[in-house]
Amino acid sequence: MFIISFYLVKNKYRKNYTKREFIKMKEDFNFLTPKKEDISLAKLKILLPYFKIHLGSFVIASIFLIISSFITIPVPYLTKIVIDKVLLGSKNAKLLVNLVIIMAILHIARSIFSGMTQYLFTKLNQEIIATLKSELFKKILKLPFSFYDQAQTGYLLSRIGEIEGLGFFFSSTLVSQLIRLGEFIFALFMLFYLNWKLTLVALSILPFYYLALKPLSQRITYITKDVLESSAKLMGKVQERISGAEVIKLFATEEREAMEIEKGFKEISRKNVLQSIIFTLFSEFNITLIALGGLLILWRGGLDIINGSFTLGSYIAFTAYAQRLYGPIQSLATFNFTIYPALVSLKRVTEIMEMAKEEEGEITINKLKEGISFVNVYFSYDGKNKVLENINLDIKVGEKVAIVGPNGSGKTTLIRLLLRMYKPSEGKIFIDSIDLGKIKLSSLREKIGIVSQNIFLFNDTVRNNISYANPNISDNEINNLLKEMDLYQFLMEGFPNGLDTIIGERGVKTSGGQNKIIAFLRAILKNPEILILDEATSEIDTRVEEKIFKFIKEKMKDTTCVIITPKDLPKETFINKIVYLENGKIVNIVTMI
Ligand SMILES: Nc1ncnc2c1ncn2[C@@H]1O[C@H](COP(=O)(O)OP(=O)(O)OP(=O)(O)O)[C@@H](O)[C@H]1O
């Protein structure tokens, strides 16, 4: 059976698999069962709120579905009347026409209700999927920074895409299954009514379903999860390689990288084939079993017709109702198969939805009065290696503090703690004597303008990047600021379309120094009470750097500034205090007069 399915599926992928690949696939198939996935219907509770919102549409769509499913139920019985009572009996042409018209109306009505059902379910399904995708996106943005240290962008994009699989729960499939159950019971009743012995013969195929379903559904669950996880991981890799295309080209490693990715795609293709084989196995099994059931009915019913205990019309009605018995059996059996991939998607989406968000405080802080204090702060990213040790530091409002130290000494980490991107492992940080942990994140971060080491700019205009914190700001206000900083000329000369210049993805169309200046303007336009420059002027030429420092010194007197640099700053700058950091410890603090 495995071999037949393999050859059926092989055509779908139009690929010739080597003997080794074939053997590997067969081994995978045999060994899939032990890795049974633990999935439960309990996770469905996260879908309930979405379901409740659309309950009205769901009920209407379900009613249409029920009507379209049951409206043609009398047709086989009417056919029996036509054959036994009209054609072989009264030969009443008028009654024949009337019965045919009734059957035609029933078919047309079914088609109209079915079309409306499809439309309503698709609309409902798509609306919920769009909401779920946006919710997941929002959730991902609210996850702690430590999450981003591990997850790759492409991987996360794939996980958002997996929401499509949840559409199953809002489709007509679930209601159809209930209807099919009703249909099954009704058909069973009709069949027993027409010929109970023949009905028992028709039902004799049922135990075989159980035998086939058990081993196959466990395998399909595992392989579905495996395909989704491998695809998401591979997408993470692909996205990273495309982002890092410059490095790949400069190191001339295109072939190596392409081979690596090809290996990943082939592995997924192999798993997809395996998944397809399982589906094909089941579908072929289904078709054969139903055909055999039909033949059993023909054999047994034929004998009854020959010995005169069963009419031809009853036989035709019986086979039509038998279809209504086998159809639901088939779809109830397949349901087991289709629900597992959807449950796997649900489990994976829930994993992210249930992750803890960034820890939030409740206090909204007003304008800074006192300043920032680090008290006995220790920090480690991995819980083992200490990155910061016993940090005690006071930064008063309006003070300009430089943090100087060699690479890896913990300067940026200190700032990350201040921004509450991470929590101190020990000790506390206070702003105006309020524990940082108790402050509302947005209230804290709104106060801080930062130009970080690795700045990120959006693929948008210079204007939209500069005014990111305040999109309603006018060009006039931006130009005034540029003039005040003596950077207007620089911007007009540097960017061919002025504020309308598109800077490209991550600022590829502009120079490193220009990007830093845009990031600096972006931070300034936020009107920050605390300005942090993390090696912000490293790529900026001395002339512009002087202008920036002059602006800070003269126009940002009340703003608290933290300037990070690996080298000592010249003594005559505006700095009030220099903090020397080495191996995560403050080794010296020099206060300027
Ligand atoms: N997200 C992270 N996860 C684990 N370790 C990290 C992480 N970020 C930084 N580190 C480690 O923490 C230490 C301090 O890094 P940090 O970036 O704070 O140093 P820095 O003084 O700003 O260095 P540089 O001058 O090179 O920017 C380094 O050993 C670094 O490898």
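Residues numbered from 1 in each chain as written. Predicted model: local features only at pLDDT ≥ 70, side-chain atom pairs only at ≥ 80, totals over all residues. Heavy atoms only, no water.

Draft legend 1. Fine view of the environment of Glu257. Position of Glu257 relative to the elements: it lies in helix 13 (residues 254-306). Judged by its relative accessible area of 15%, Glu257 falls in the buried class. When sequence neighbours within four positions are dropped, the list of residues in contact with Glu257 reads Arg241 and Ile248. (Helix = DSSP H or I, 4+ residues; strand = E, 2+ residues; numbered from the N terminus. Buried < 20%, exposed > 50% of the residue type's maximum accessible area, 1.4 Å probe, protein only. Contact = heavy atoms within 4.5 Å.)

Draft legend 2. Region of interest: the UniProt feature "transmembrane region" (unreviewed entry) in the protein chain. Here, UniProt's "transmembrane region" (unreviewed entry) annotation points to residues 53-75, 95-113, 273-299 and 305-322. Split by type, residues 273-299 is 100% helix and 0% strand. Its first and last C-alpha atoms lie 38 Å apart. Helix makes up 72% of residues 305-322 and strand 0%, and the two end C-alpha atoms of the span are 17 Å apart. (UniProt positions renumbered as here; feature names shortened; annotations may be inferred.)

Draft legend 3. Layout of the sheet that holds strand 4 (residues 426-431). Pairing is antiparallel across the open sheet formed by four strands, whose spatial order is 2-1-4-5. Among the strands making up the open sheet, the edge pair consists of strand 2 (388-396) and strand 5 (434-435). The sheet contact formed by strand 1 (residues 371-379) and strand 4 spans five bridges and is antiparallel. Bridge pairing links Phe374 to Ile429 in strand 4. Against the sheet, helix 15 (residues 411-418) touches strand 1, strand 2 and strand 4, its axis set at about 115° to strand 1. (Pairing = 2+ DSSP bridges. Axes fitted to C-alpha atoms, helices over the stretch in contact; angles between N-to-C directions.)

Draft legend 4. Just the site of the ligand, in detail. Taken together, 15 residues are adjacent to the ligand, and Gly408, Lys411, Thr412, Thr413 and Gln453 come closest. Taking Lys411, its side chain carries an N or O atom lying 2.7 Å from an oxygen atom of the ligand. For the shell around the ligand, the element with the most residues is helix 15, which contributes four residues. (Near = heavy atom within 4 Å. Polar contact = N/O pair within 3.5 Å; in protein donor to acceptor, adjacent residues only side chain to side chain.)

Draft legend 5. Highlighting the packing of helix 9 (residues 172-194) against helix 10 (residues 196-203). Look at helix 9 against helix 10: their axes get within 6 Å of each other, and the N-to-C directions meet at 135°. The angle between helix 9 and helix 10 places the two elements in the oblique class. On the side of helix 9, the interface is formed by Leu188, Leu191, Phe192 and Leu194, while helix 10 contributes Trp196, Thr199, Leu200 and Leu203. Among the residues making up the contact of helix 9 with helix 10, the classes are represented as seven nonpolar, one polar and no charged. (Parallel < 35°, antiparallel > 145°, perpendicular 65-115°, else oblique. Nonpolar A, V, L, I, M, F, W, Y, C, P; charged D, E, K, R; others polar.)

Draft legend 6. Representation of the side chain of Ser345 within the structure. By the element assignment, Ser345 lies in helix 14 (residues 312-353). Beyond its immediate sequence surroundings of up to four residues, Ser345 is in contact with Glu162, Gly165, Leu166 and Leu228.

Draft legend 7. The arrangement of the nonpolar core in detail. Formed by 41 residues in total, the largest nonpolar core has its most connected members in Val462, Ile466, Phe520, Leu521, Leu531, Leu533 and Ile552. Per-element tally for this core: the top contributor is helix 20 (residues 512-524), with seven residues. The residues touching Leu521, leaving out its near neighbours within four places in the chain, are Ile466, Leu481, Leu482, Met485 and Leu491. One finds Ile220, Leu281, Phe310 and Ile329 within the second-largest nonpolar core, a separate group that totals 38 residues. (Core = buried A, V, L, I, M, F, W, Y, C linked by side-chain atoms within 4.5 Å.)

Draft legend 8. Representation of the sheet that holds strand 3 (residues 400-404) in the model. Here six strands make up an open sheet; going across it, the order is 6-7-8-3-9-10 and the pairing mixed. For this open sheet the edge positions go to strand 6 (448-451) and strand 10 (585-591), each flanked by a neighbour on one side alone. Across the sheet, the mean angle from the axis of one strand to that of its neighbour is 15°, orientation sign disregarded. Each of strand 6 and strand 7 (530-534) touches helix 20; the most contacted strand, strand 6, lies at about 175° to it.

Draft legend 9. Structural detail: the domain arrangement of the protein chain. Each domain of the protein chain was delimited in the assignment, giving domain 1 (2-353) and domain 2 (371-591). The gap between the C-alpha centroids of domain 1 and domain 2 is 55 Å. Counting from both sides, the interface comprises four residues of domain 1 and, opposite them, four residues of domain 2. For the pair domain 1 and domain 2, the summed buried area comes to about 370 Å², and 56% of that belongs to carbon and sulfur atoms. Interface area lost by domain 1 to domain 2 is led by Phe145, Asp149 and Ser243, which between them contribute 90%. Counting the contacts that link domain 1 with domain 2 gives zero salt bridges. Connecting domain 1 to domain 2 are zero residue pairs in polar contact (both at pLDDT 80 or more). For the side of domain 1 that touches domain 2, the element with the highest residue contribution is helix 7 (residues 145-150), accounting for three residues. Tallied by class, residues from the side of domain 1 that touches domain 2 come to one nonpolar, two polar and one charged. (Domains from an automatic or database assignment. Buried area = accessible area lost by both parts, 1.4 Å probe. Salt bridge = Lys/Arg side-chain N within 4 Å of Asp/Glu carboxyl O.)

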